[in-house]
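# What the coordinates show
The chain contents come next:
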Amino acid sequence: GDSVTQMEGPVTLSEEAFLTINCTYTATGYPSLFWYVQYPGEGLQLLLKATKADDKGSNKGFEATYRKETTSFHLEKGSVQVSDSAVYFCALSANNAGNMLTFGGGTRLMVKP
Amino acid sequence: DSGVTQTPKHLITATGQRVTLRCSPRSGDLSVYWYQQSLDQGLQFLIQYYNGEERAKGNILERFSAQQFPDLHSELNLSSLELGDSALYFCASSPRQGTGELFFGEGSRLTVL
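These figures come from a predicted structure and were not determined experimentally.

### Looking at the environment of Gly-3 of chain B
Tracing the backbone shows Gly-3 of chain B in the segment before strand E1 (5–7). Sequence separation between Gly-3 of chain B and Gly-105 of chain B is 102 residues; the distance between their C-alpha atoms is 7.4 Å.

This is the structure in structure tokens:
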């Protein structure tokens, strides 16, 4: 079945550091890929998405590129802020699954001032 | 605020009991999804409804059931509760199939003692 694997956290960075959170997936066909973010005490929010190979999703300074050859969708940000502290989830939606999302385990990011 | 409302926010009950979690989707959204988030299992898809009909089923136990009513709100019923059912239960809604963008509520935290 479909699956998503993310690097385990927590990831602890200083403010203005570069962020990479690795995400790889296993799926048949051409899934859509997503990053969701969960701030403390809140539900998940869509951060960015990419629907086909080589697409780059971006939002709020975060970027991720859909790499079919390496089945990856790594999340990056050039300069993190304390307010980026949250749990980040990589997810995929298979072509025939409507909006049903398969999530990775989540990666907690802690940014220190 | 995602526009998805879940009640109750917190619930403490005993093993063997039955509880009902309620979800009101965003105005106009026809699809409702239920997810379970626990420390050891991560985010697990339980079930999806679309305009009152069950559309997809995930790792939902037989002790759990759900329905979506004509006004589109949904309820998740959990019965014969066990300690391992303690988790955060999220409801999400989406306006249409295939985009992968889900709008999550803040969750209902269930503690089974």
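### Concerning the pattern of salt bridges
All names here are of chain B. If you walk through the whole model with that rule in mind, you get seven salt bridges over all chains. One salt bridge in this structure joins Arg-26 and Asp-29, with 2.8 Å as the shortest N-O distance. Judged by relative accessible area, Arg-26 falls into the partly exposed class, the value being 23%. Asp-85 serves as the salt-bridge partner of Arg-63, at 2.8 Å between the closest nitrogen and oxygen. One end of the pair, Arg-63, is in the loop between strand E6 (53–57) and strand E7 (64–68); the other, Asp-85, is in the loop between strand E8 (74–78) and strand E9 (87–94), with 22 residues separating them in the sequence. Given the relative accessible area of 3%, Asp-85 is considered buried.

### Concerning the interface of chain B and chain A
With 19 residues of chain B in contact, the opposing surface of chain A contributes 15 residues. Here chain B meets chain A over a buried area of about 1400 Å², counting both sides, of which 56% is carbon and sulfur. Where chain B touches chain A, the interface holds zero salt bridges. At the boundary of chain B and chain A, one finds three residue pairs in polar contact (both at pLDDT 80 or more). Within the side of chain B that touches chain A, the residues separate by chemical class into nine nonpolar, seven polar and three charged.

### A word on the packing of aromatic side chains
Residue and element names in this part refer to chain A. All chains considered together, the criterion is met by 12 aromatic pairs over all chains. Pairing Tyr-25 with Tyr-66 gives two aromatic rings, centres 6.1 Å apart and planes at 80°, and the pair type is edge-to-face. Pair noted here: Tyr-25 is in strand E4 (residues 23–26) and Tyr-66 is in the loop between strand E8 (62–65) and strand E9 (75–77), with a separation of 41 residues, a long-range link. Judged by relative accessible area, which is 1%, Tyr-66 ranks as buried.

Cut-offs used in this document
- Residues numbered from 1 in each chain as written.
- Chains lettered and ligands numbered in written order.
- Predicted model: local features only at pLDDT ≥ 70, side-chain atom pairs only at ≥ 80, totals over all residues.
- Heavy atoms only, no water.
- Helix = DSSP H or I, 4+ residues; strand = E, 2+ residues; numbered from the N terminus.
- Salt bridge = Lys/Arg side-chain N within 4 Å of Asp/Glu carboxyl O.
- Buried < 20%, exposed > 50% of the residue type's maximum accessible area, 1.4 Å probe, protein only.
- Contact = heavy atoms within 4.5 Å.
- Buried area = accessible area lost by both parts, 1.4 Å probe.
- Polar contact = N/O pair within 3.5 Å; in protein donor to acceptor, adjacent residues only side chain to side chain.
- Nonpolar A, V, L, I, M, F, W, Y, C, P; charged D, E, K, R; others polar.
- Phe/Tyr/Trp six-rings, centres within 6.5 Å; stacked < 30°, edge-to-face > 60°.

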